[in-house]
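Chain and residue survey
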Amino acid sequence: MKIKLTNDGSRTLYSEKLNASYHSESGAWSESRLVYLEHSGVDSSLGSGDTTNVLEIGLGTGMNFLVTADRAIKFNTPLTYTAIDNFRPPTTLIRELSLQSQLHTPGLETAWLNYYDQPIQHAQPATWVPPVVFTPLVGQAESLIQDENLLPSCSFDAIYLDAFSPAISPELWTEPFFGDLHRVLKTGGRLTTYCVKSVVQKRLKSLGFHVQTPAGPEGGKRQVLLATKD
Ligand SMILES: C[S@@+](CC[C@H](N)C(=O)[O-])C[C@H]1O[C@@H](n2cnc3c(N)ncnc32)[C@H](O)[C@@H]1O
């Protein structure tokens, strides 16, 4: 695994084994901000002071998490963030991403690196930096998502679906998996992702999601995906 510089000056990870980047090569931070924080409605909900519950599929480096936590801290709005992953990149690589350079809250990257270095407390909510409560879930997302005690129905305002592509992680783009994501979203909740493949849109629509394809980040994908639970 190595560090990759993306076109907006931010860095991400690249897996040679999978031949896949953790973020868009046209801009890691731009993607985190627009596709996940903004299109999901989380930015405006935190800005309005509304307690917000986010589920992320694919925590990876934690960049999407930090972008979101940064806003919650700025507005002092409670954020509960649950993130699933089955792999944890080494801390040395996370340190090389220089995540602080794009964050407003002083010391946020250091807090993340300190937290990241500890053994993972699976399914244990912890007040990471107030007002942010973080719950890591370790394992296969397609199995964990079926656990209704862990992930109760209608409990999330937003889902960041940041899996690798359907070619690399097909298990995270199936209709049954999307059905589970639909179950855990609140009515009116939003699922966002970078992938606009027609088969993905078709599967989401068949479950009753209202699917839109807003513009992607400047210099990046022309369109990204926003699916709302009606
Ligand atoms: C595109 S990366 C996520 C990038 C991340 N959101 C970030 O901000 O750095 C995809 C992530 O999905 C994880 N992953 C792949 N297959 C998975 C599965 N079946 N269940 C859980 N996590 C999976 C990978 O380990 C990887 O961290």
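Scroll up to find the structure.
On a predicted model such as this, the values are computed, not experimentally measured, just so you know.

1. Focus on the site of the ligand
In the vicinity of the ligand there are 20 residues, among which Gly-58, Gly-60, Thr-61, Ala-141 and Asp-162 approach most closely. Along the lines of polarity and charge, the residues of the shell around the ligand split into 9 nonpolar, 7 polar and 4 charged.

2. Description of helix α7 (residues 175-184)
Residues of α7 that are buried include every one of Phe-177, Phe-178, Asp-180, Leu-181 and Val-184, and no others. Within α7, the buried residues cover an arc of 155 degrees as seen down the axis, which keeps them to one side. In this structure, the buried residues of α7 make contact with β4 (52-57), α6 (141-144), β8 (156-161), β9 (185-193) and α8 (198-206).

3. Section: the environment of Ser-24
With respect to the helices and strands, the residue Ser-24 is situated in the loop between β3 (20-21) and α1 (28-38). Take Ser-24: there are 24 C-beta atoms within 10 Å of it, and that puts it in the buried class. Taking the C-alpha atoms as reference points, Ser-24 and Gly-220, 196 residues apart in sequence, are found 7.4 Å from one another. What Ser-24 contacts, discounting residues up to four positions off in sequence, is Thr-6, Glu-31, Tyr-194, Gly-220 and Lys-221.

4. Focus: unusual backbone geometry
Across the junction of Pro-130 and Pro-131, the peptide omega takes the value 5 degrees, indicating a cis bond. Checked against the element boundaries, Pro-131 lands in the loop between β6 (126-129) and β7 (132-138). The phi dihedral of Asn-76 falls on the positive side, at around 50 degrees, and the residue is not glycine. Notably, Cys-154 is not glycine yet its phi reads approximately 50 degrees, a positive angle. Considering the arrangement of structural elements, one finds Cys-154 in the loop between α6 and β8. You can call Cys-154 exposed: it has 12 C-beta atoms within 10 Å.

About the criteria used
- Residues numbered from 1 in each chain as written.
- Predicted model: local features only at pLDDT ≥ 70, side-chain atom pairs only at ≥ 80, totals over all residues.
- Near = placed C-beta within 6 Å.
- Nonpolar A, V, L, I, M, F, W, Y, C, P; charged D, E, K, R; others polar.
- Buried ≥ 20, exposed ≤ 12 C-beta atoms within 10 Å, placed from the backbone.
- Helix = DSSP H or I, 4+ residues; strand = E, 2+ residues; numbered from the N terminus.
- Arc of directions from axis to C-beta.
- Contact = placed C-beta atoms within 7 Å.

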